[in-house]
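# Structural overview for review
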Amino acid sequence: MTKIKDIQTYDELYAVVKTYIPEIELNDISRAYAFAYEKHFGTKRLSGEDYIIHPLNVAYILTSINADSTTIIAALLHDVLEDCNVGEDEILDKFGPEVLTLVRGVTKINKLSFKSDNEATIVNYRKIIVGITEDVRVIIIKLADRLHNMRTLWAIPEDRAKAKAKETLDILTPIAHRLGMSEIKSELEDLSLRYYKPNVYFDIVEKLNKTKVERESLVSEMMHDVSTILNEHNIKHEIKGRAKSVYSIYNKLNKGKKFNEIYDLLALRVFVDTKDDCYQTLGLIHSKYKPIPKRFKDYIAMPKPNMYQSLHTTVFGINGNPFEIQIRTYEMDLIAEKGIASHWSYKEGGKVMQNAMEQKLQFFRSIMELNEEENKSTEFMNAVMNDVLKDSIYVYTPKGDVIELPLGSTPIDFAYRVHSRIGDTMVGAIVNDQIVPLDYQLKENDIVKINTNKNSNGPSKEWIKMAFTTHAKNKIKSFYSKIDKNENLKNGEEALNHEFRKKKLSFNSFLESEDLEKLLNEYNMNTLEDLYIAVGAGQITPNQIINFLTLEKPTKEEIVLNRNVHQIKSNINKNDIKIEGIDEIKVNIAGCCKPIPGDEIIGYISKGNGINIHRINCPNISELEERIIPATWQETIDRRYETDILVRALKEKNILVDIVSKTVGNNTIIQNINTIESNEEYLYEITVLTHNVDELRKFMTEIKKISSVFDIERSIK
Ligand code: MN
């Protein structure tokens with residue numbers, strides 16, 4: 001099963017890297033090895049080997065996908081931060097910022113401990129790994145790291161081995177699949193199954209062994225026959241029998257197939273030089289052997305989102321046995337086996353290093369086409385998380401074109417995926433010759449026909465709920481945002497007027513003032529109507545406008561209150577926040593809504609900087625559903641957290657001293673106060689340090705007792 005044998009010495013690694021890495025970069029690799037060797041010296045793994053054997057083999061696995069020198073160096077160093085008391089500075093100094101980013105990334109992922117088997121949490125873990133990774137090479141190193149650990153899994157106690165195996169199947173192999181790295185994915189799956197369900201695994205292995213002689217003779221006879229036909233037509237080719245992975249058989253058995261019904265047990269792969277040869281080969285095979293209907297797939301014309309290309313067919317071959325045949329060029333094979341890593345192999349001559357940005361694009365390429373008309377990065381991330389990490393299905397247009405959609409998609413998603421014009425004019429859907437409702441959930445291999453009527457009134461708003469993909473939902477919303485313009489105009493004017501009244505500001509004098517022009521300039525708008533529309537559509541809140549206007553008045557006063565202001569920095573103690581199933585991850589308190597104990601909170605997975613904790617109603621996270629994970633406060637927290645409140649008072653007298661005096665007898669501490677004076681009111685922005693919501697509420701109630709105060713609220717920026 002193991003295609004890549006483990007190595008024991010650096011010379012073996014060096015012999016491989018020097019075949020494809022530019023000479024000028026080789027010295028750095030040797031330096032990295034020497035450094036890791038020294039740092040790990042004296043440490044053993046549970047398998048009894050010297051520790052250095054592990055990073056050495058992780059690097060060696062990565063040579064099988066022609067990883068660049070930065071990646072190889074980072075692989076050699078991937079455990080030194082965590083295990084050897086090496087500081088980040090030292091790595092930066094000796095190996096540069098790029099290597100440090102990769103090593104730090106792997107360390108960060110390794111620190112996450114995954115310990116839940118609840119389905120929602122597993123999805124969260126995958127989200128976290130992908131979300132916190134700044135450079136896709138981090139994930140690639142992590143996969144190689146896990147692969148070597150899985151190869152030596154026999155050394156650890158059975159229950160722990162089982163847990164590791166399950167974690168690998170739940171979290172890492174789906175990521176490897178998404179990256180198209182089928183070689184590594186397949187080995188990870190087989191190793192995992194062996195420890196996770198040893199009985200099932202060895203049962204399948206035994207069945208395969210029992211039928212081995214018979215299968216091999218059938219396959220070799222078939223290979224010979226196919227080869228003869230191709231030679232007769234002068235097609236240069238190679239044919240290989242295909243070893244079926246144990247895990248893929250397990251999967252099919254799980255779906256209710258019987259062992260002898262699994263078609264691709266008899267499988268071959270034909271390699272040819274060109275795409276034309278692929279189709280010609282297919283034609284020749286089909287003219288000799290009868291194909292099994294619906295088993296033909298053209299992934300050359302319609303590559304899978306992970307870049308996979310091949311022709312697949314199943315034919316009745318020798319003695320009427322079904323044979324699964326894959327036909328591809330050598331180049332397609334490279335992509336099929338190495339996926340995202342394959343472009344490393346394409347680089348010519350010296351420049352193997354890959355620009356990190358380009359790799360990110362590669363990583364997200366499967367949803368790039370969704371992104372054409374969405375330029376907001378939040379929506380983009382949302383689309384990534386929603387659509388990429390879910391399982392997908394393949395369905396067909398009536399012409400036989402393959403469309404990939406996430407599991408859970410409906411005909412609405414299909415229609416918008418094909419073209420937004422089709423979606424906008426859709427009047428019904430036919431799946432496999434049956435009329436279906438528009439919320440019908442599409443299944444693998446469905447043939448979907450969309451009925452359209454160019455005189456239709458456009459999509460129904462109900463469809464937003466029925467659609468599954470962010471792409472379709474956004475298309476429908478954007479259709480309506482055009483229509484809703486008039487409505488937004490009306491609502492925007494009303495909302496703004498209302499807010500002015502509420503804040504006791506004069507709307508009419510605003511309309512006649514210079515402020516209006518300043519405001520329009522600020523938002524790059526030409527007319528008052530534009531402003532109303534933006535407010536009506538929720539792009540600008542009335543509050544933002546009022547804040548802008550009041551801040552314009554220059555009587556801003558910074559007050560330092562010597563006696564009552566305590567300059568305590570409110571850094572979070574990470575043990576104060578619980579995120580289910582995860583111990584070791586950096587947690588930050590969001591500066592926009594500054595949650596305190598007792599607030600309902602939620603975690604937002606940031607790119608490269610751990611998890612940010614927001615209040616559950618914080619508007620800054622509403623668009624980012626897919627990056628959100630549940631979080632709660634620990635029950636016992638005995639320190640103060642920082643948060644902001646806003647106090648509005650009538651413009652009678654400055655009540656600063658009154659506010660400050662309210663801290664007497666209250667545990668809440670005032671850290672800072674800004675007074676903003678406008679024509680109509682005093683606005684106090686107060687930063688406080690408080691233990692929890694109850695304590696803060698008492699403090700706020702006290703302030704409210706001051707007679708001129710007419711409004712007090714927690715602030716969210
Ligand atoms: Mn490791």
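Everything that follows concerns the structure shown earlier in this document.
All of these numbers come straight from a predicted model, not from anything done at the bench.

### Remarks on the sheet that holds strand β13 (residues 587–589)
If you walk across this open sheet you meet the 4 strands as β13-β15-β14-β16, and the pairing is mixed. Either end of the sheet is taken by a strand with one partner, and the two such strands are β13 and β16 (628–630). Sheet twist, expressed as the average angle between the axes of neighbouring strands with direction ignored, equals 35°. Of the strand pairs in this sheet, strand β14 (residues 601–605) and strand β15 (residues 611–615) are connected by 5 bridges, and their pairing is antiparallel. Each residue of the ladder has a partner; that of isoleucine 602, found in β15, is histidine 614.

### As for the coordination of the manganese ion
Taken together, the protein donors to the manganese ion comprise His54 (NE2), His78 (NE2), Asp79 (OD) and Asp145 (OD), at separations of 2.2 to 2.5 Å. Within one chain, the residues donating to the manganese ion are spaced in sequence as H-x23-H-D-x65-D. By the burial criterion, histidine 78 is buried, and aspartate 79 matches it.

### With respect to helix α6 (residues 88–111)
Across its 24 residues, α6 extends only 16 Å between first and last C-alpha, which sits more than 12% below the 34 Å expected from 1.5 Å per residue. Of all bends in α6, the biggest is about 130°, found at glycine 96, and the proline proline 97 comes one to four residues later. If you check which residues of α6 are buried, you get Ile91, Phe95, Gly96, Val99, Leu100, Leu102, Val103, Gly105, Val106, Thr107 and Ile109.

### Describing the environment of isoleucine 325
Within the secondary structure, isoleucine 325 is located in strand β5 (residues 322–329). Each C-alpha atom, one on isoleucine 325 and one on alanine 267, is 5.8 Å from the other, the two residues being 58 residues apart in sequence. Setting aside anything within four residues of it in sequence, one finds isoleucine 325 in contact with Met222, Leu268, Val270, Ile285, Leu311, His312, Thr313 and Val315.

### Thoughts on the sheet that holds strand β9 (residues 434–436)
In a beta sheet, neighbouring strands pair by backbone hydrogen bonds and run either parallel or antiparallel. The strand order β9-β8-β10 describes an open sheet built from 3 strands, whose pairing is antiparallel. Looking at the sheet topology across the chains shown, the edges are occupied by β9 and β10 (448–452). Geometrically, the sheet is characterised by an average inter-axis angle of 35° between neighbouring strands, direction not taken into account. Judged from the 5 bridges that link them, strand β8 (residues 426–431) and β10 form a sheet pairing that is antiparallel. Residue pairing in the sheet places isoleucine 430 in a bridge with lysine 449 of β10.

### A word on the nonpolar core
The nonpolar side chains of a soluble globular protein tend to be buried, and buried together. Grouped together as the largest cluster of nonpolar side chains are 62 residues, with contacts concentrated most on Leu13, Ile29, Leu62, Ile72, Leu77, Ile91 and Leu143. The greatest single-element share of this core, amounting to 9 residues, is contributed by helix α8 (residues 136–151). Those residues in contact with isoleucine 29 that lie beyond four places of it in its chain are Tyr10, Val17, Ile21, Ser69, Ile72, Ile73 and Leu76. The next biggest cluster of nonpolar side chains, apart from the first, holds 35 residues, and it includes Ile637, Tyr682, Tyr684 and Val709.

The rules we used
Residues numbered from 1 in each chain as written. Predicted model: local features only at pLDDT ≥ 70, side-chain atom pairs only at ≥ 80, totals over all residues. Heavy atoms only, no water. Pairing = 2+ DSSP bridges. Helix = DSSP H or I, 4+ residues; strand = E, 2+ residues; numbered from the N terminus. Axes fitted to C-alpha atoms, helices over the stretch in contact; angles between N-to-C directions. Donors = N, O, S within 2.8 Å, 3.2 Å for Na, K, Ca; no water. Buried < 20%, exposed > 50% of the residue type's maximum accessible area, 1.4 Å probe, protein only. Expected span 1.5 Å × (residues − 1). Bend = angle between axes of the 7 residues up to and from the residue. Contact = heavy atoms within 4.5 Å. Core = buried A, V, L, I, M, F, W, Y, C linked by side-chain atoms within 4.5 Å.

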